[in-house]
Structures are given as structure tokens and as C-alpha cells.
Amino acid sequence: MPAASQHRRILIVDGHPDPDPGRFCHALAAAYAQGAVSAGHVVHRLNLADHGIQPLSSRAEWESEPPSSIAAIQEDLLWAEHLVIIYPLWLGDLPARLKALLEQVFRPAFAFGGKAVSPGGGRLKGRSARVIVTMGMPALIYRTVFLSHSLASLKRGVLGLVGFGPVRDTVLGGVETRRDRERVLARVRAMGARAA
């Protein structure tokens, strides 16, 4: 178990919009949380399936004050030292509701301290992140043929832009046919224990 000074505050975002408990993303989020808590880290969880997040429809809306439900998520982000986002690859990208969550949360007044977008962020600078992506195709194909397109966009164009760093990733391919799910869950539990 890490020393008390090494305990971290972790926010886990389970970005699968389907509440079906059989979804592998839900098991991954639970495994990461179990590993983190067992090592003495403090964990908050946000399950996207429990929230009716709507996308923004205008720049004026993006620059306005968020509703209280979004402000509460922003407070969790400020509290966290480490962010974990777990999502399934849908049509080569993040699920639309997860993208809507990012739009809602990373409004300029919150993420950049004002209306202008400034790379490197403001109040979120210095936090680390882990992104775990599940998909039907083999991970090697996603990384080499598709160049991890949505993952790279999330890491650099969203998380890096608002100040997160380092941002590490785990790509899990072939999830519908994987026979080693218990081994994968054990690996994710170990990541949680290390807050990595």
C-alpha cells in the first residue's frame, strides 16, 4: 500500500452510455475503482449512463454558466488529481453522449479561466489522466491503420488542451470475443492501485 502522501484523488468517468450492467466498460470502471480503493486512493465515479447529458448547440451556450449538474461535475474535476475515462469506440469515435459531456464540462470559463481558449489550460493543469478504450476491431489495427484517431483527438485536442498531462492510454481490442477478460480486469485493477 502506498504511503499516505502517495494517495491520490481519482475521478473515474465510465463513458459507456448504455446502463446494461453486462457492458465491459462498466466492469473496467469497477475494476479500476477496486484497485484504487484497495491501495488507499480516494475515488469518485461518474457513470455517463446515469446522466441525461445534452450536447451544446451554440457558442453562446458554451460560454454561458453551466447548469448545476454540470457545475457539480466540474467541481469533481477540480477535486481530482487523476482522471480516468473509459469508453467504447463507436463509429470510430467517442459515443455522442460522452462528447456532449466534454463539451458541457470544458466550457472556457472553467477550463481556460476566461472566454479565450489557451493551450495548456488553467485550473486543470498538472493533473494526470488515463484513457481506456474498448472496441471490436483488434487494437493493432486501430493503432496502425486508423492511427488511434479518436484517442489522439481526445488526448491532445481535449485533455492536453485543458492542461492534463501526462495522458496515458490503454486500447482493448476484440472485446466481443475476448476470452481473457479476467486477466484484463486484473491488469486494470493493478492500474488503479498505482493510480496510473
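Each value, and the rule that gives it
- Residues numbered from 1 in each chain as written.
- Predicted model: local features only at pLDDT ≥ 70, side-chain atom pairs only at ≥ 80, totals over all residues.
- Heavy atoms only, no water.
- Pairing = 2+ DSSP bridges.
- Helix = DSSP H or I, 4+ residues; strand = E, 2+ residues; numbered from the N terminus.
- Axes fitted to C-alpha atoms, helices over the stretch in contact; angles between N-to-C directions.
- 1 Å grid on protein atoms, 1.4 Å probe; cavity = no way out; pocket = protein on both sides within 12 Å on 5 of 7 lines; lining within 4 Å.
- Points joined across faces, edges and corners; volume = space filled by probe spheres on them.
- Nonpolar A, V, L, I, M, F, W, Y, C, P; charged D, E, K, R; others polar.
- Core = buried A, V, L, I, M, F, W, Y, C linked by side-chain atoms within 4.5 Å.
- Buried < 20%, exposed > 50% of the residue type's maximum accessible area, 1.4 Å probe, protein only.
- Parallel < 35°, antiparallel > 145°, perpendicular 65-115°, else oblique.
- Left-handed = near helix turned anticlockwise from the far one by under 90°.
- Contact = heavy atoms within 4.5 Å.

Novice: Can you tell me about the sheet that holds strand E5 (residues 167-172), naming the residues and giving the values?
Specialist: If you trace the five strands from one edge of the open sheet to the other, you get E2-E1-E3-E4-E5, paired in parallel fashion. Strands with a single pairing partner mark the edges of an open sheet, and in this sheet they are strand E2 (42-47) and E5. With strand direction ignored, the average angle separating the axes of adjacent strands in the sheet is 15 degrees. The pairing of strand E4 (residues 128-134) with E5 spans six bridges and is parallel. Following the sheet pairing, Ile 132 is matched in E5 by Thr 170.

Novice: If you had to explain empty space enclosed by the protein to someone new, which residues and values would you point to?
Specialist: Under the criterion given, the structure shown has one cavity of 30 Å³ or more. Considered as a void within the structure, the largest cavity measures approximately 100 Å³ in volume. Together, Leu 11, Val 13, Leu 46, Ile 73, Leu 77, Leu 83, Ile 85, Leu 98, Leu 101, Leu 102, Val 105 and Phe 106 line the largest cavity. When contributions to the lining of the largest cavity are tallied by element, the ones reaching two or more residues are strand E1 (9-14), helix H3 (68-79), strand E3 (82-88) and helix H4 (96-105). For the lining of the largest cavity, the per-class residue count stands at twelve nonpolar, no polar and no charged.

Novice: Talk me through the nonpolar core; I want residue IDs and the actual numbers.
Specialist: Ranked by size, the top nonpolar core spans 36 residues in total, and within it Leu 77, Leu 83, Tyr 87, Leu 101, Phe 106, Leu 159 and Phe 164 carry the most contacts. Secondary-structure elements contributing two or more residues to this core are E1, H3, E3, H4, helix H5 (108-111), E4, helix H7 (149-160) and E5. By residue number, the principal contributor to this core is H4, which donates five residues.

Novice: Kindly report on the packing of helix H1 (residues 24-38) against helix H8 (residues 181-194), identifying the contributing residues and their values.
Specialist: Contact pair H1 / H8: the axes reach a minimum separation of 6 Å and the direction vectors enclose 40 degrees. If you check the angle between H1 and H8, you find them oblique. Two packed elements cross with a definite hand, and for H1 against H8 that hand is right-handed. Of H8, the residues touching H1 (which contributes Phe 24, Ala 27, Leu 28, Ala 31, Tyr 32, Gln 34, Gly 35 and Ala 36) are Arg 181, Val 184, Leu 185, Val 188, Arg 189, Met 191, Gly 192 and Ala 193. For the contact of H1 with H8, the class distribution of residues is eleven nonpolar, three polar and two charged.

Any functional reading would require information that these geometric values do not contain.
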